[in-house]
Amino acid sequence: ELLENGALPAPDPAAPPLSYMDQEAWRVLLERSIAAGKSDHWYAWLQLGVMHLAGERPAEARQAWENSMARRQNPWRSWVTRTRVSSSRQTAGR
């Protein structure tokens, strides 16, 4: 829906995210949508944090996840962080 309507829907925080996008073009679209007030909700900020982390911008990722939690408490920030840290450790150990 972000591509078609310029807005990312916010699912129930109890449901696991279906997927994550990390391409630069999606990040630009999402940032524009958030700035326009169309997607200024917990899920958009969570997704933006994932995009920043994938782009090796950890400070921006952390800020996006803080924005996500400020809008609505959800369990996914800690899950994403643990998953990313775990993946980084596995890659480093190869």
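Chemist: Help me understand the environment of Gln63, please; the structure alone is not making it clear to me.
Modeler: Along the chain, Gln63 falls in helix α4 (residues 58-71). Distance in space between the C-alpha atoms of Gln63 and Gly49 is 7.5 Å, their sequence separation being 14 residues.

Chemist: Hey, could you run me through unusual backbone geometry in this one?
Modeler: In most cases, non-glycine residues show a negative phi, while peptide bonds are predominantly trans. Look at Glu56: it is not a glycine, yet its phi comes out positive at around 60 degrees. Looking at the secondary structure, you find Glu56 in the loop between α3 (42-54) and α4.

Chemist: I keep staring at the pattern of salt bridges and nothing clicks. Help me out?
Modeler: A side chain with one charge can pair with a side chain of the opposite charge if their charged atoms come near. A complete count under the given rule lists 3 salt bridges for this structure. Close ionic contact of Glu24 with Arg27 constitutes a salt bridge, the shortest N to O distance being 2.1 Å. Note that Glu24 and Arg27 are positioned in helix α2 (residues 24-35) at a spacing of 3 residues, about one turn of the helix. Classification of Glu24 as partly exposed rests on a relative accessible area of 41%. Between Arg27 and Glu31 there is a salt bridge, with the nearest N and O atoms lying 2.5 Å from each other. Here the residue Arg27 and the residue Glu31 both occupy positions in helix α2, the gap between them amounting to 4 residues, near one helical turn. Assessed through its relative accessible area of 29%, Glu31 is described here as partly exposed. Via salt bridges that share partners, Glu24, Arg27 and Glu31 belong to a single interconnected network.

Chemist: What's the story with the packing of aromatic side chains in this structure? I'm lost.
Modeler: Geometry of an aromatic ring pair is reported as the spacing of the ring centres plus the angle between the planes. With the rule as written, the count across this model stands at 1 aromatic pair. Look at Trp42 and Tyr43: their rings are 5.3 Å apart centre to centre, the planes differ by 65 degrees, and that puts the pair in the edge-to-face class. For Trp42, a relative accessible area of 3% gives the class buried. Residue classification places Tyr43 among the buried residues on the basis of a relative accessible area of 9%.

Chemist: Help me understand the packing of α2 against α3, please; the structure alone is not making it clear to me.
Modeler: Helix-helix packing is characterised by the crossing angle of the two axes and by the distance between the axes. Contact geometry of α2 with α3 gives a least axis separation of 10 Å together with a crossing angle of 145 degrees. Classified by chirality, the crossing of α3 by α2 is left-handed. Together, Trp26, Arg27, Leu30, Glu31 and Ile34 of α2 and Ala44, Trp45, Gln47, Leu48, Met51 and His52 of α3 make up the contact between the two elements. Partitioned by chemical class, the residues of the contact of α2 with α3 number 7 nonpolar, 2 polar and 2 charged.

Cut-offs used in this document
- Every chain is numbered independently, its residues counted from 1 as its sequence is written.
- For this predicted model, a pLDDT threshold of at least 70 governs which residues receive local features, and a threshold of 80 or more governs which side-chain atom pairs are given and counted, while totals over whole chains, interfaces and linings are taken from all residues.
- The side-chain values count all of the structure's non-hydrogen atoms but skip hydrogen atoms and water molecules.
- Here a strand is any run of E in DSSP of at least two residues, a helix any run of H or I of at least four, and the numbering for each starts at the N terminus.
- One side-chain nitrogen of Lys or Arg within 4 Å of one carboxyl oxygen of Asp or Glu is enough to make a salt bridge.
- Only protein chains enter the area calculation, which uses a 1.4 Å probe; residues under 20% of their type maximum are buried, those over 50% are exposed, and those in between are partly exposed.
- By convention, a stacked pair of Phe, Tyr or Trp rings (six-membered ring in the case of Trp) has centres within 6.5 Å and planes under 30 degrees apart, an edge-to-face pair has planes over 60 apart, and any other such pair is tilted.
- The angle between two axes is taken between their N-to-C directions and runs from 0 to 180 degrees, where each axis is a line fitted to C-alpha atoms and a helix contributes only its stretch in contact.
- In this scheme the handedness of a crossing depends on how the near helix is turned from the far one: anticlockwise by less than a right angle means left-handed, clockwise means right-handed.
- We call two residues in contact when some of their heavy atoms are within 4.5 Å.
- In this count, Pro and Cys sit with the nonpolar residues alongside Ala, Val, Leu, Ile, Met, Phe, Trp and Tyr, while Asp, Glu, Lys and Arg are called charged and the others, Gly among them, polar.

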